[in-house]
Amino acid sequence: MEADKFDRTMIALRERVPYQPFTVVLVNGDRHEVDHPKAIVIRDGVAVYVMPGGAPVIFDHEGVRQVIGDLMGQPESPGA
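Definitions and limits used
- Residues numbered from 1 in each chain as written.
- Predicted model: local features only at pLDDT ≥ 70, side-chain atom pairs only at ≥ 80, totals over all residues.
- Heavy atoms only, no water.
- Helix = DSSP H or I, 4+ residues; strand = E, 2+ residues; numbered from the N terminus.
- Buried < 20%, exposed > 50% of the residue type's maximum accessible area, 1.4 Å probe, protein only.
- Contact = heavy atoms within 4.5 Å.
- Pairing = 2+ DSSP bridges.
- Axes fitted to C-alpha atoms, helices over the stretch in contact; angles between N-to-C directions.

What is the right way to read the side chain of His 32 from this model?
Structurally, His 32 can be placed in strand S2 (residues 31-34). Residue His 32 is classed as buried on the basis of its relative accessible area of 13%. Residues within four places of His 32 in sequence aside, it is in contact with Phe 22, Thr 23, Val 24, Leu 26, Tyr 49, Met 51 and Val 57.

Listed below in C-alpha cells is the structure:
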C-alpha cells in the first residue's frame with residue numbers, strides 16, 4: 001500500500017464516529033485489532049499501535065497485507 005493511502009486509511013479509521021475497532025493484518029500473518037482510537041499514531045507511512053498492557057507494535061505501509069473494517073465495509077488490500 002502506498003504511504004499516503006496508508007496514512008489516509010488509518011487516520012479515517014481512527015477518526016470514525018462512533019469509533020469502530022479495525023484489524024491490521026501484516027505480511028508476516030500477525031493480526032492486530034486496534035481497539036481504541038487513541039491507541040494508534042500514524043505519520044509518513046508508519047503506525048505505532050499500543051496494545052492493551054502497553055506493548056507497542058510498529059508497522060509501516062509496506063508491511064500491511066490487509067486492513068479489515070475499512071470505511072466501505074470491504075477489506076483494503078495493498079494493490080487497491
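Whenever I open this one, the sheet that holds strand S3 (residues 40-43) confuses me. Can you help?
Picture the strands of a sheet paired through backbone hydrogen bonds; they go either parallel or antiparallel. Here three strands make up an open sheet; going across it, the order is S3-S4-S5 and the pairing antiparallel. Looking at which strands have only one partner, the edges of the open sheet turn out to be S3 and strand S5 (56-60). Going from strand to strand, the sheet's axes swing by 15° on average, the running direction of each strand aside. The pairing of S3 with strand S4 (residues 46-50) spans four bridges and is antiparallel. Within the sheet, the bridge partner assigned to Ile 40 lies in S4 and is Tyr 49. The strands touched by helix H1 (residues 3-14) are S3, S4 and S5; relative to S3, the strand with the most contacts, the crossing angle is about 150°.

Scope: geometric values only; no functional claims are made or implied.
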